[in-house]
Amino acid sequence: MEFAGFTLRNNLFVAPMAGVTDRPFRVLCKKLGAGLAVSEMVTSNSLLYGSAKTRRRANHEGEADPISVQIAGADPKMMAEAAKHNVDNGAQIIDINMGCPAKKVCNVMAGSALMQDEALVAKILEAVVGAVPNTPVTLKFRTGWNHENKNAPTIARIAEDSGIRAVAIHGRTRSDQYRGNAEYDTIALVKSLINIPVIANGDITTPEKAKHVLDVTKADGVMIGRAAQGRPWLFREIEHYLKTGERMPAPKVEEIHQILREHLHDLYAFYGEDSGVKIARKHISWYTKGLVGSAHFRHTMNQLDDVAAQLAATDEFFQLQAAASERLCYQETDNDNNEEALAA
Ligand SMILES: Cc1cc2nc3c(=O)[nH]c(=O)nc-3n(C[C@H](O)[C@H](O)[C@H](O)COP(=O)(O)O)c2cc1C
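The structure presented is a predicted model; accordingly, all values stated were derived computationally and were not measured.

(A) Representation of the packing of helix 10 (residues 253-271) against helix 11 (residues 273-288) in the model. Between helix 10 and helix 11, the shortest axis-to-axis distance is 7 Å and the interhelical angle comes to 150 degrees. One way to sum up the angle between helix 10 and helix 11 is to call them roughly antiparallel. The element helix 10 and its partner helix 11 pack so that their crossing is right-handed. Residues Leu-260, His-263, Leu-264, Leu-267, Tyr-268, Phe-270 and Tyr-271 of helix 10 lie in contact with helix 11, whose contacting residues are Glu-273, Ser-275, Gly-276, Ile-279, Ala-280, His-283 and Tyr-287.

Below is the structure:
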């Protein structure tokens, strides 16, 4: 896919998720089939550029091009400076976040709260595009502020007029938070109105759903967040389905065991062992959710505090899975992801 001046492997995007889409996860998703992975949001408050968290978020060592960095904020000048700062530090695409309903973002009128003030949106977009003239800028937003104010079409036109190169739209309003189902009519409407690429996002969980959303919206690509947590290989499954119309067989237990092991080692190296073990817990939980015996395993694993014990427990769990079946075999899935999303 041609996207903002880059040729991507396909039209499948990893949604930015604070606390999830760190460098280890982005690298893995790109390796397993994603065309592009947008980084976690970086604050536009330049006072925080020096914090360890912000510096880690800006670390892209070993990540395949193009590097897309998301920024958030409500002040045009600060957003312009943040864009410049990130381009100086390796960003090849700047993505502006107007899609996040999180309180700590919306209280300062950033994220999806910004959609209320269309004049300010225009100022921010123009300031950012003007600050990094040689770098494409993309925009992520929701269908509107609330159901009475679904102004995504207006925001999309402002974006196109401001020089934004592509938009990603989550099919919910800000007031929906993560409740109800994403709707795709508004995304289809936006696609019919503008000439820059439109990426559809929200509740895409399977290859069939990805195809359905592409068909009904005529969007140029799809963006996947929660469904990729613990299943970074979902991207190659969707890629295969879109090419052939057929589902890939479930992955072999042995392969996913190795992928998870490498993911864990990356997390320990990226965050240091103490934080790495804690951060790894949620990923291990996502990988194993729905597999036989996972509830008990997750409970035990969450109490382990060191790398050796965490790896040994993970190995033991996957050896049991392999003894029972050559390929991963999910039972019923639960709704833990929704709780996670509501907290974001
Ligand atoms: C844990 C979590 C963190 C998120 N953080 C961000 C963020 O930093 N920036 C952003 O634009 N959207 C963020 N989102 C929203 C996602 O990018 C995406 O729009 C949303 O989850 C809907 O897609 P999905 O149904 O495929 O998960 C976050 C979502 C979750 C679940």
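(B) A look at the environment of Phe-6. Along the chain, the position of Phe-6 falls in strand 2 (residues 6-7). Here Phe-6 falls in the partly exposed class, since 16 other C-beta atoms lie within 10 Å of it. Phe-6 sits 117 residues away from Lys-123 along the chain, and the two C-alpha atoms are 26 Å apart.

(C) Local environment of helix 1 (residues 23-31). Here helix 1 lies mainly inside the structure; eight of its nine residues are buried. Listed in full, the buried residues belonging to helix 1 are Arg-23, Pro-24, Phe-25, Arg-26, Val-27, Leu-28, Cys-29 and Lys-30. In this structure, the buried side of helix 1 is in contact with strand 3 (12-14), strand 4 (36-43), helix 9 (234-244) and helix 10. A positive phi of about 120 degrees marks Gly-33, the residue just after helix 1.

Reading the values: rules and limits
- Residues numbered from 1 in each chain as written.
- Predicted model: local features only at pLDDT ≥ 70, side-chain atom pairs only at ≥ 80, totals over all residues.
- Axes fitted to C-alpha atoms, helices over the stretch in contact; angles between N-to-C directions.
- Helix = DSSP H or I, 4+ residues; strand = E, 2+ residues; numbered from the N terminus.
- Parallel < 35°, antiparallel > 145°, perpendicular 65-115°, else oblique.
- Left-handed = near helix turned anticlockwise from the far one by under 90°.
- Contact = placed C-beta atoms within 7 Å.
- Buried ≥ 20, exposed ≤ 12 C-beta atoms within 10 Å, placed from the backbone.

Purely geometric numbers; function is a separate question.
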